[in-house]
Amino acid sequence: MRKLSTLLLFVLFITFHSFAQTGQTLNPDQVVTTEHTVTVKGNKIPYKAIAGTLPVFGDSGKVIAGVFFTYYERTDVKDRSSRPLIISFNGGPGTSSVWMEMGYTGPRLVNIDDEGYPVQPYGVKENPFSLVDMADIVYVDPVNTGYSRITGNAPPSKFFGVNADIKYLAEWLSTFVSRYSRWTSPKYLIGESYGTNRVSGLALELQNRQWMFLNGVVLVSPTILGIERTGPVDMASRLPYYAATAWYHKMLPADLQNKDLTDVLPEVEDFTINELIPAITRGGSLEDDKRKAIASKMSRYCGLKEKVILQRNLYIPAQFFWKELLRDKGYSVGRLDSRYLGIDKQDAGDTVDYNAEIVSWNHTFSPAMNSYLRDELNYKTDLKYYMFGPVSPWDRSNDRTGENLRLAMAENPFMHVMVQSGYYDGACDYFNAKYNMWQLDPAGKMKQRISFKGYRSGHMMYLRKPDLETSTNDLREFILKTLPKPGQPAQYNKTF
């Protein structure tokens, strides 16, 4: 009887922990652990997945929210003091970490073709390029994304804003690192899209408020990071992206089309900086022949008619470009990835009806993530998994995240930054990512610690299989390069 009672209690315990989230309410401090393996680069890697919530504590010490996370930890490693910890965020600002977890660095990949398009049946497969062999990874869903929710009466302003977001997530990360004994591990932040604002701000907040120092920050498809660009710079800076998109769709003149993309883009970048920005700066004072010469070059580089460019005073808005480039062929091109084609109700007009790429991505990721969490990670709940959650209004005031990152780097000689951009990303384009780098360190004193990598795809460059392999290799090299030798001091060496 005693053995039967013990067995019954064990079954009840397992059942409770597997199904604790069933219902529409959130337990803000509850996890489920499962054991798995994945084959990476030919090696079978054992790991455990911890899926669940950790609380966010308010100023009074009361729980004000539960943040959902999935944490992958290799199980045949005993000493974690030198094993890297990667902390991963996506953007939105109202989207979960599903994209990089299921498309980039995690142990499972969504079921897509080699170019990133959805296929059926929906689901997941092993990720042979996952970083779980060399690092442990936690994917964090900010409040009102994924399964994360506010609890109690905490006001939304505690969470929904550039600086509020950074503040509570830094506190939460301190709790996570303590719970899972990772204080001595080398740490890396990786953020995509608006997630680059998060990780840039967190780099300084973690150092100055949580006394947690980083080895590296990876910016995937970065936003402008609060580094303002207005007037001629803003009007001209998308031309290199337009050129990349036009090259992909074979809309450039034969001499350019016959070159490799990476041979074309430096020419367009040089024109943008040295000719187009000065020309737009002169506005109405620009001589007619010079205006026509600039429009002719722009047409050559972006695939639009010279007449259309002149009609718009040398300024091509992104929405118009997405509509105009393939208008005569009956298609629009995608915003986040211009390889994708859309079909609008009318070919006329200046804006597209929808973003073709995001519909495709939701088509792939939503069913895969919902089934993966329930069926493989055994996390059961009736809560809706927010791919894009309600986080409006979002307070964007006082966005100094780029400057925060610069200061964090200056304070911490160990910290390096890598930027990863897709050439066909029209929302967070690669040339503006380069501009960020140039303005982030205007004196050039830290340029040896800032690197750029470009890929032949869009916002989520890892969805294209060749770029998934290349970009994960770039991450591996970045991490290995930024792990200091034992005993190496964090200090600047005198050069005088």
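Our structure is the block above this text.
Figured I'd write up the structure that's included with this text. Nothing here was measured: the structure is a model prediction, and the numbers come from that model.

Thoughts on the layout of surface pockets
Point 1. Its volume calculated, the largest pocket comes out at about 790 Å³.
Point 2. Residue lining of the largest pocket: 37 residues in total, with Gly-92, Ser-193, Thr-223, Arg-335 and Cys-428 positioned closest to the centre.
Point 3. Elements represented by at least two residues in the lining of the largest pocket include exactly helix H4 (194–209) and helix H12 (356–376).
Point 4. Looking at the lining of the largest pocket residue by residue, the class counts come to 13 nonpolar, 15 polar and nine charged.
Point 5. Roughly 340 Å³ of volume is contained in the second largest pocket.
Point 6. The wall of the second largest pocket is formed by 15 residues, among which Pro-413, Arg-449, Gln-488, Gln-491 and Asn-493 lie closest to the centre.
Point 7. The class makeup of the residues in the lining of the second largest pocket is seven nonpolar, five polar and three charged.

A word on the packing of H4 against helix H13 (residues 401–411)
Point 1. At a closest axis distance of 8 Å, the pairing of H4 and H13 adopts a crossing angle of 45 degrees. With respect to H13, the element H4 is oriented oblique. H13 is crossed by H4, and the crossing has left-handed handedness. Of the residues in H13, those in contact with Asn-197, Ser-200, Gly-201, Ala-203, Leu-204, Gln-207 and Asn-208 of H4 are Thr-401, Asn-404, Leu-405, Leu-407, Ala-408 and Glu-411.
Point 2. Residues belonging to the contact of H4 with H13 are distributed by class as follows: five nonpolar, seven polar and one charged.

A word on the packing of helix H6 (residues 239–248) against helix H9 (residues 288–302)
Point 1. Two numbers describe how H6 lies on H9: the axes approach to 7 Å, and their chain directions differ by 45 degrees. When the interaxial angle is binned, H6 and H9 end up oblique. Taken together, the residues of H9 that come into contact with H6 (itself represented by Leu-239, Tyr-242, Ala-243 and Ala-246) are Met-298, Tyr-301 and Cys-302.
Point 2. Taken together, the residues of the contact of H6 with H9 break down into seven nonpolar, no polar and no charged.

Looking at the pairing of strand S7 (residues 136–141)
Point 1. The buried count for S7 comes to six of six residues, which makes it a mostly enclosed element.
Point 2. Here S7 shows two buried faces, one formed by Asp-136, Val-138 and Val-140 and the other by Ile-137, Tyr-139 and Asp-141.
Point 3. Where strand S3 (residues 63–74) meets S7, five bridges bridge the pair, whose relative direction is antiparallel. Bridged to Phe-69 within S7 is Val-140.

Considerations on the pairing of strand S9 (residues 187–192)
Point 1. Across the six residues of S9, six count as buried, placing the element largely inside the fold.
Point 2. Every second residue of S9 is oriented toward a common face, with Lys-187, Leu-189 and Gly-191 on one face and Tyr-188, Ile-190 and Glu-192 on the other, all of them buried.
Point 3. Pairing of S9 with strand S10 (residues 216–220) involves five bridges; the strand directions are parallel. Following the sheet pairing, Leu-189 is matched in S10 by Val-217.
Point 4. Handedness of the crossover is the feature at issue here: the chain leaves S9, passes through H4, returns alongside S10, and the resulting connection is right-handed.

Quick word on the side chain of Asn-404
Point 1. With respect to the element layout, Asn-404 can be found in helix H13.
Point 2. When sequence neighbours within four positions are dropped, the list of residues in contact with Asn-404 reads Ser-200, Gly-201 and Leu-204.

Some words on helix H14 (residues 430–440)
Point 1. Among the eleven residues of H14, nine are classified as buried, and the element is accordingly described as predominantly covered.
Point 2. At its buried positions, H14 is contacted by helix H5 (231–236), H6, helix H8 (261–282), H13, strand S13 (416–422) and strand S14 (450–455).

Regarding the packing of aromatic side chains
Point 1. Tallying each qualifying case throughout the model produces 32 aromatic pairs.
Point 2. Ring centres of Trp-99 and Phe-388 lie 5.9 Å apart, and the angle between their planes is 45 degrees; on these two criteria the pair is classed as tilted. Of this pair, Trp-99 sits in helix H2 (residues 98–103) while Phe-388 sits in the loop between H12 and H13, placing them 289 residues apart in sequence.
Point 3. For Trp-99, a relative accessible area of 4% translates into the label buried.
Point 4. Among the residues examined, Phe-388 registers a relative accessible area of 43% and is labelled partly exposed.
Point 5. Summarising the aromatic geometry, the rings of Tyr-423 and Tyr-430 are spaced 5.1 Å apart at their centres and angled 85 degrees between planes, so their arrangement reads as edge-to-face.
Point 6. Site record: aromatic cluster; members linked through ring pairs are Phe-69, Tyr-71, Trp-172, Phe-176 and Tyr-180.
Point 7. Between the NZ or CZ atom of Arg-312 and the centre of the ring of Phe-320, over which it lies, the distance is 3.7 Å.

A closer look at the side chain of Ser-96
Point 1. With respect to the helices and strands, Ser-96 occurs in the loop between strand S4 (85–89) and H2.
Point 2. Reaching out from Ser-96, the side chain makes a polar contact with the side chain of Tyr-385 at a distance of 3.0 Å.
Point 3. Not counting chain neighbours up to four residues away, the residues in contact with Ser-96 comprise Asn-90, Asp-141, Thr-145, Gly-146, Tyr-385, Tyr-386 and Met-387.

Comments concerning H12
Point 1. Here H12 contains 21 residues, and its C-alpha end-to-end distance of 30 Å stays within 8% of the 30 Å for a straight helix at 1.5 Å per residue.
Point 2. Its axis deflected by about 25 degrees at Asn-362, H12 carries its strongest bend there.
Point 3. Restricting attention to buried positions, one finds in H12 the residues Ala-356, Glu-357, Ser-360, Trp-361, Thr-364, Phe-365, Ala-368, Met-369, Tyr-372 and Leu-373.
Point 4. Just downstream of H12 lies Asn-378, where phi reads positive at about 60 degrees.

Observations regarding the environment of Val-352
Point 1. Considering the arrangement of structural elements, one finds Val-352 in the loop between strand S12 (341–342) and H12.
Point 2. Aside from chain neighbours lying at most four places away, what touches Val-352 is Gln-319, Trp-322, Lys-323, Ser-332 and Asp-344.

The rules behind the values
Residues numbered from 1 in each chain as written. Predicted model: local features only at pLDDT ≥ 70, side-chain atom pairs only at ≥ 80, totals over all residues. Heavy atoms only, no water. 1 Å grid on protein atoms, 1.4 Å probe; cavity = no way out; pocket = protein on both sides within 12 Å on 5 of 7 lines; lining within 4 Å. Points joined across faces, edges and corners; volume = space filled by probe spheres on them. Helix = DSSP H or I, 4+ residues; strand = E, 2+ residues; numbered from the N terminus. Nonpolar A, V, L, I, M, F, W, Y, C, P; charged D, E, K, R; others polar. Axes fitted to C-alpha atoms, helices over the stretch in contact; angles between N-to-C directions. Parallel < 35°, antiparallel > 145°, perpendicular 65-115°, else oblique. Left-handed = near helix turned anticlockwise from the far one by under 90°. Contact = heavy atoms within 4.5 Å. Buried < 20%, exposed > 50% of the residue type's maximum accessible area, 1.4 Å probe, protein only. Pairing = 2+ DSSP bridges. Right-handed = clockwise from strand over helix to strand, strands pointing away. Phe/Tyr/Trp six-rings, centres within 6.5 Å; stacked < 30°, edge-to-face > 60°. Lys NZ or Arg CZ within 6 Å of the ring centre and 35° of its normal. Polar contact = N/O pair within 3.5 Å; in protein donor to acceptor, adjacent residues only side chain to side chain. Expected span 1.5 Å × (residues − 1). Bend = angle between axes of the 7 residues up to and from the residue.

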